[in-house]
Structure formats: structure tokens, C-alpha cells
Amino acid sequence: MTDEYEHYEAVVVGAGPGGAAAAAKLADEGIETLVVERGVDAGAKNVSGGLIYAEESAPYTIDDLFPGFREEAAERPITEYYIQNIAGEMVKEYDLTSLHEHDTEWSDAVLRRRMDSWLADRVHECTRETGGGLLTGIRANGLLREDGEIVGVTCDEIDPIRADLIVAADGVNSELARDAGLMDWEEPEEWFQGVKATVDMPDVDDRFGIGPEEGVAHLFSGDLFEGVRGGGFLYTNTDSLSIGAVFHLDSLVEEQAEPHELLDALLTHPLLAQWLGEEYNEVEYSAKLVPDSKKVAHTSPHEGRLVLVGDAAGQMQAQGPIIKGMNHAVTAGALAAEAFATAKRRDNPGSAGERYERKLKESGTMSKLRPKRYERMRPVGEREGTTDAVDRLLASPVGRIGIKAMDTVGLVERLYSSPFMSMSIPDTQTPYVTLPAIIAEELGSPVRDRSTIDPPSLEERIGDLTYDTDVGNPHIRLRDDSVEASGAAVSACPVSATGFGGGCYREETIQTNGTTKQVVSLDTQPCVECGTCAVVADTEWEHPRGDKGVEFKQG
Amino acid sequence: MSIHSIVLTKGVPDFREGQVSFDEDGHLERGKTPTVMNPNDEHALHAALQTKVRHGGRVSVMSMGPPGYGDVLKEAMKSVYADDLYLLSDRELAASDTWATAITLATGLEKLGVPDLVFAGFKTADGETGHTGPQTCWALDLPMITHVISLDVDEEERTVRAQRLVEGDVEEVETVETELPAFVVADPEFEASYRTAGEQLALKDLHEQTTERAREHEQHLTTWDHADLNLDPDYIGLDGSPTIVSSVDPIPKPPAEREATMVDPTDERGMSEVFEEMQPLAAGGD
């Protein structure tokens, strides 16, 4: 039955950095490898902040696997790294370059469309030599099973494919990981949501006082996001800026905040006026769901012939000022390939998953994704009582004096810069909002500039995106349209807003037999496929078919 | 084994709005209207491409027309990743009707060596006769399948099996089979299908190989005149065309039958009259 389907030794689903690394390494081992990518081009579905790191301690880096990556696919090396603590218009800057450089061989700003499509060309070249290759516009929609065993993948556009190894590198909303029952979309506190504006800026060097081979990263924390836990970022690209913010999804839901408005709060903060000036040209608005690896990174990310890499396995380390995802995806992809190559040599291809799991552990990757230190501190640090007590203490005269005293000996900056500390930062209000705000109030100075920019409205942002709408074939269905079950999506969805009729999710009043009822309605046309609503609302969520849906040009 | 296919194509005036130009009497102004590949031929090209992707081999494209048709052939090369192009071009061929054209094309095909499959599109956008393909087929004495919507070639058995619309009706489909070489007329409903990764990868390879080739299409273009084809001028061109077009009558535009009444949406009374007018229509159901 399934025997007549095409067979490849390995099939890789998703051509992001994790899939690309896996495919390159597989091809290098002479393994016949097919890569399928649902975007019209690799990178067309992918969004990141985006800094990519090459860690000194990592067994693989992207330029090991893809020589020339930095020169041809990346934007700028990030050579300066700051955190801006903000309270109103008071700002206190700390230089975190040493934290940024800890265990870092290099770190570059990237735009994913350019980066991933470059990678895909290399991947196609090397996998084609093995008898496989890379195809875009193909959506793998699930796992092919035979007698309950996973034996391949099924696709929308082509017949099922059998394979001895299936690498699910299909991103944060991995349909394969869910089909296998390895990941779910249940708890908002396990996720972040990132929103980003890519801003055109032909004279980055002048505005930031840097050379062409230099780049700057700024992080923003404090009270500029209306109490939502999260932080902002600004990275310099070659001739644009990536400005965005990453929020704890549970906090976003709790505050019923509108992500695009929080992004605007950052964009229009007077601190940014010095870089943005008066001409503001936003070339793309984008959003992404981000797994919180310390809570969801799967410690055993495999099932039969299936292995999960990158976001699909929750391998996104986002903690305090450290945000690392792509590098771990690269490592995981290459390790999975390595594991399969060894397993195949030992005539036991079925052992690839176990070997991959062991490699994640032995390479130290898993302990970066799920730091022990955080797990130990979490029960104390995230207890409501503790948070309140710490917040009250910090805000009290005693706490404030303490912060001042610590700063005079440079302790605050040193603490911020401690990789040790950042690994154990609790996910509470304290490090994201309270502490930075108090630092800014006590130690900061007021910003003198005024922001004159006017970011585009949500409607304009949606209008500027490119979509190939799959008319009559919506990829998301509301299972429960009650406000209780799905109302959170109206504000949390980055392309919806309360009172805005042009987004995905809307609240509607329905009148039947004299009674009125509030319900949630859905139109997937402006969907950016972030997956937020799959977590916060009661939906049946799938990716659109290959080539369909949103197409990011920057990413 | 591999399959050699030839696609017959024609350059036609670009009838799309904004491109086409008519004079005061409603006659087409050829000089002002760009020439493009006959839109229906695209389906024939896709049928040939699908054959090449699945079975390997070669796709050639042939056309009869003035030297300017080189660009049309270049377009064809781009869309079908054709290997070589043939243009039958000669003053003596001017004003050929479908009969004379068919004789010329058939002679060109014979000179080239009759391929495994000859593909033609379903009628041209200018003549609209739909004769040239079948007449060419008749001249070559090949089995013919028209209105083809999907197609499978069996290399071993040297047969082609096709699904075709019966009487051009999408509701009625029959499956027929014949031996190669054969003549296939692709229906506008034809859809190429690449259901395996292997086929999709082969398609991608072809695309990569031909981007360069289309740029230098003239190096792959062979032009034959009537002498090359050894055709007697009495049997081709105007002299060889039995069809006589006695006159061309412009079709007058039908006069508008209904009158429109403009209603200001802020005019309450006007709008309620509109709703009253619409009431009986709404009651109808569908």
C-alpha cells in the first residue's frame, strides 16, 4: 500500500536554519535527503528578531556548515550591546557587550528572507547531489503511519513520502510535532509573542556612529509596555533596523494588551528619536510565536523515525537579556543528522532518535535550553508572594537606596552582565518591569529628544503585507466562538484589535429572538500565521497550503 | 528511452485590453498590437513539459510565421524549458489558410523526423477555427486525441493514455489510448500534474538549466524557408489556400437595455424605494 510511495533516506520538513543545518549535514554524510518547505521561497514564512549567534561552546555553528554565511547571508556583526532601563522619560543605559560576547564567537543581525533563501540555495545544491533536493511550496501536513509506526510524511501538493529519518524543522507551530503528540499549544505561560517592524534606513552607519563592519543592539525594559512582561529590541541591519518586542503571552492575555500598540509605544518613545529621526519608513510588520525553552524544550524530542529540531522542539532560549534560538536550531539539526548517520552506519537507523537526544545532552545544548539554575529557582522566584515581596522591597526607599549603592560600585551592570544570573532570572514582573523602572527612576536621566514619528496603523500594516489568500479554504477554524473561550485572541492576535474590523479576530454582537449575544468571529485573510490564537483561543489550527498565506519579504 | 515531443504554436495579436488596437472601422491594427504566443498553446506546452519531466527526452517548439515570431518562440522556450525551436518562415508562406499552414507544418515535422508526440493547442485566438492541428495531424496520418485534460505515456508499451472531454463538456470525460507517435490537442482544461517529489525536483532542474538557454534562444532556433522544406509555392501561402474570406463584418455592440437610476445613499426616501423595489427579489430565496 504505502510501499508504492516515493522513498528518500531522509526527509527534512522546513527550510529554516534548523532544517538547513540538518540537510547540509545529512548531505555531507552522503545521505539521500529531500527538503520540503511550504513557503514560496525559504524564509517567506519565517520571522526572527533577529540575531544569530555562533557560540564558542557549540558543536556546530552556521558558518561551519555554510561557509560564506556571514558575508553573503547576514546583515551586520553586532559589536555593541546595551540595555536601556526605562521609566517614563527617564532612561538608564548599561553596556552589556561583555554578556553578549560571553561564549560568543560572533553574532550577526539577520533578516530571514534573505538568510533562509541563501541557505536554501546551498541546501538544494548539496542535497541534489545525494539524489534528493529542496522543494518550496510544499506543505507537509502530517505523518505517514504504517501499523501505527511513523514511516514518512503526507503533503498537500504531492503524494506521501516514505523516509528512514524525518526531521521536523517546521517551526514553532510544527504540525508534525503535534501529530506525533510531542508538543501542544495549551499554556500561554509557555510562550512568548514577538512583534517586529523592519524600518528602512539607508544611513545606519551615520545614525549610530558605526563602521560598515559594526553593528549595535539595544534592549529595552521597564514601564514602556503598560505593565506587560516583556522587552524590546533594536538591531542594526545593513540598511534597515529591526525594532520589536517580545512579550510573555500569558501577560499579554492578562492585560488584554494590543501587541501592535505596545510596539508603537517603543517606536514612539523619545529615546528612539535619536536614531529614527523624523522620516519613518516601515517596510514590514511581522509577528511570531516564540517557545520558552526553559519550560517547553522537549527533553526527548523524537518518536520512532521522527526527530524535532529548532522551534518545533521548543529549542528557543529566551531569558532575560539573552535571546538565542537560531543557533540552537542549527546545532540540533546538525546533531540529528550526525545521530542518523551513526545509526545508519551501525545498521540501526531506528536508534537515531535516542542518539540525537543523547547528543543534545552531552553537547550541553539541553542544559542551555533548560538551565538547571532556573528550574531550581523557579519555585521560589515565581511564587506570587515572593514576587510581591521583592517588588515591594525594590520599590521601597530601602530597595531604592540599595540599587543606588550597588550602582556606584558598578554592581548593577555587572549583575546584568552575568550569564550566571541571567540563567536564573524568574519569569515575573520583577526583572522585566519593576527593577528596570526603578533603576531608571533612581539612576537614569531624562531623554531630551522628542519623537515625531507616526507608525502605520494596523490596517496599513496589514495592507502592506503580501498575501496569496487561499479563498474558500481557511486554515484556522474556531471550535468555540464564545468570548470566554476565544475572546482573548481579539487583542492578543498581532493582526487583530478590539474595535478593529479588518483583522483576523473580531467581537460581534449577534441578535437572535430578541436576545443579544457576544461572539468571536474569524477571517483568516490577514493572518500572519504566528500561532498565537492556537494557544489563547479554541481553534483548529493548520498552516495554509504551500505557497499560500502570508509572504514575508524581510522576516 | 525517452520521448521527443513537439509543440506547435502560433503568434497572435495580444487581445488583452490595453494591448489590442482597432481602427475606426473596427479592423485590427496589426502594427499597433503586439504579437504574443497564442494563449491556448500554453496548455499544449504544459502537456509537453509534463511528458519531459516524467520521461526525460526533448521538447521542440515549432511555428510558422514571420521572422518576428522568434520572440514568441522565446516565450515558449521559457515556459516549457524547450530544447530547440523551429520557425518556418518565408514570404511565400504569407496569407496561408489553415490547409496551407497544415501542409507546411506537416512538411516541417517530417523534415525533422516525426516525433513521438505532437502537441497543439485548442484553436488560436485570432482565427478561432481549431482546424490547423487536426489538419496537420491528417497530413501526417497520425492517431489524434483532442480535448485532452490529462495524459500518461507508457514508454515500454509505446502508448499514450489520455483523459479527454467528450464534446468539450467538462461533465463528461472519457479515457482513450493509442500508439505512439500520436497527435494530442490539449484542452484549456488541461492540467499538468507533478505528484511526486522526484517530478518536482526534475522540474526545478529543468528550470535552472533553461533560464540561460532562453536568454540565448537564437542559438537554438532553426529557420526553414520553402526551399529548405522543398515545398512548391503553388501549394503553400495564398496560392495554396482554398479558403476565401469574402468579407469581415464587425459585430455591433448590443445596445444597453436597462436604464440606471442613481440613488444617493444618504437620501433616506430614495434608499427605502430601492429596498421596496428589491423586496420581491429577496423573497424569492436564491
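Residues numbered from 1 in each chain as written. Chains lettered and ligands numbered in written order. Predicted model: local features only at pLDDT ≥ 70, side-chain atom pairs only at ≥ 80, totals over all residues. Heavy atoms only, no water.

### Things to note about a nonpolar patch on the surface
Phase 1 of the analysis: A contiguous nonpolar surface patch, about 350 Å² in accessible area, is contributed by Phe275(B), Met278(B) and Leu281(B).
Phase 2 of the analysis: Structurally, Phe275(B) can be placed in helix H7 (residues 268–283). (Patch = residues over 30% accessible without salt bridge, like charges linked within 9 Å, V, L, I, M, F, W, Y side chains within 5 Å. Areas by Shrake-Rupley, 256 points an atom, 1.4 Å probe, with all protein chains shown as cover. Salt bridge = Lys/Arg side-chain N within 4 Å of Asp/Glu carboxyl O. Helix = DSSP H or I, 4+ residues; strand = E, 2+ residues; numbered from the N terminus.)

### Brief notes about the sheet that holds strand S3 (residues 51–55) of chain A
Residues and elements named next belong to chain A.
Phase 1 of the analysis: Reading across the sheet, the 3 strands line up as S3-S7-S4 and stay open at both edges, with antiparallel pairing between neighbours. Edge positions in the open sheet fall to S3 and strand S4 (76–77), since each of these has one partner strand only.
Phase 2 of the analysis: Of the strand pairs in this sheet, S3 and strand S7 (residues 104–109) are connected by 5 bridges, and their pairing is antiparallel. What sits directly across from Leu51, in S7, is Ala109. (Pairing = 2+ DSSP bridges.)

### Observations regarding the interface of chain B and chain A
Phase 1 of the analysis: Listed as interface residues are 11 residues of chain B and, on the opposing side, 15 residues of chain A.
Phase 2 of the analysis: Of the roughly 1000 Å² buried where chain B meets chain A, counting both sides, 49% is carbon and sulfur surface.
Phase 3 of the analysis: Among the residues chain B hides against chain A, the three largest losses belong to Arg195(B), Ala197(B) and Leu201(B). Together they make up 54% of the total.
Phase 4 of the analysis: Our count for the contact surface shared by chain B and chain A stands at 2 salt bridges. (Contact = heavy atoms within 4.5 Å. Buried area = accessible area lost by both parts, 1.4 Å probe.)

### Digging into the domain arrangement of chain A
Residues and elements named next belong to chain A.
Phase 1 of the analysis: Split into domains, chain A comes out as domain 1 (2–74 + 110–183 + 298–369), domain 2 (76–109 + 185–293 + 374–464) and domain 3 (470–549).
Phase 2 of the analysis: Just the C-alpha atoms count here: the centres of domain 1 and domain 3 sit 31 Å apart.
Phase 3 of the analysis: Contact residues are listed per partner, giving 13 residues for domain 1 and 12 residues for domain 3.
Phase 4 of the analysis: Summing both partners gives a buried area of about 940 Å² for domain 1 against domain 3, and 39% of it is carried by carbon and sulfur.
Phase 5 of the analysis: Three residues, Arg38, Arg139 and Asn173, lead the burial of domain 1 against domain 3; their summed loss comes to 52% of the area buried on that side.
Phase 6 of the analysis: For Glu529, the salt bridge identified is with Arg38, shortest N-O distance 2.8 Å.
Phase 7 of the analysis: Counting across the interface, domain 1 meets domain 3 through 10 residue pairs in polar contact (both at pLDDT 80 or more).
Phase 8 of the analysis: Of the residues belonging to the side of domain 1 that touches domain 3, the class tally is 3 nonpolar, 3 polar and 7 charged. (Domains from an automatic or database assignment. Polar contact = N/O pair within 3.5 Å; in protein donor to acceptor, adjacent residues only side chain to side chain. Nonpolar A, V, L, I, M, F, W, Y, C, P; charged D, E, K, R; others polar.)

### A short note on the sheet that holds strand S12 (residues 191–200) of chain A
All names here are of chain A.
Phase 1 of the analysis: The 8 strands are arranged S16-S12-S15-S14-S13-S5-S6-S21 in an open sheet whose pairing can be described as mixed. What marks the edges here is a single partner per strand, and that holds for strand S16 (282–291) and strand S21 (445–446).
Phase 2 of the analysis: Of the strand pairs in this sheet, S12 and S16 are connected by 9 bridges, and their pairing is antiparallel. Residue Lys196 lies in a different strand from S16, and its bridge partner there is Ser286.
Phase 3 of the analysis: Seen against the sheet, helix H9 (residues 259–267) touches S12, strand S13 (216–222), strand S14 (230–236), strand S15 (240–248) and S16 and runs at an angle of roughly 130° to S15. (Axes fitted to C-alpha atoms, helices over the stretch in contact; angles between N-to-C directions.)

### Some points on the packing of helix H1 (residues 41–55) of chain B against helix H2 (residues 70–80) of chain B
Packed helices, taken two at a time, are described by the angle between their axes plus the distance between the axes.
Residue and element names in this part refer to chain B.
Phase 1 of the analysis: H2 packs onto H1 with a crossing angle of 45° between their chain directions and a minimal axis gap of 9 Å. In this view, H1 runs oblique relative to H2, as classed from their interaxial angle. In this structure, H1 crosses over H2, and the sense of that crossing is right-handed. Contacts from Leu45, His46 and Leu49 in H1 reach Ala76, Ser79 and Val80 in H2.
Phase 2 of the analysis: Of the residues belonging to the contact of H1 with H2, the class tally is 4 nonpolar, 2 polar and no charged. (Parallel < 35°, antiparallel > 145°, perpendicular 65-115°, else oblique. Left-handed = near helix turned anticlockwise from the far one by under 90°.)

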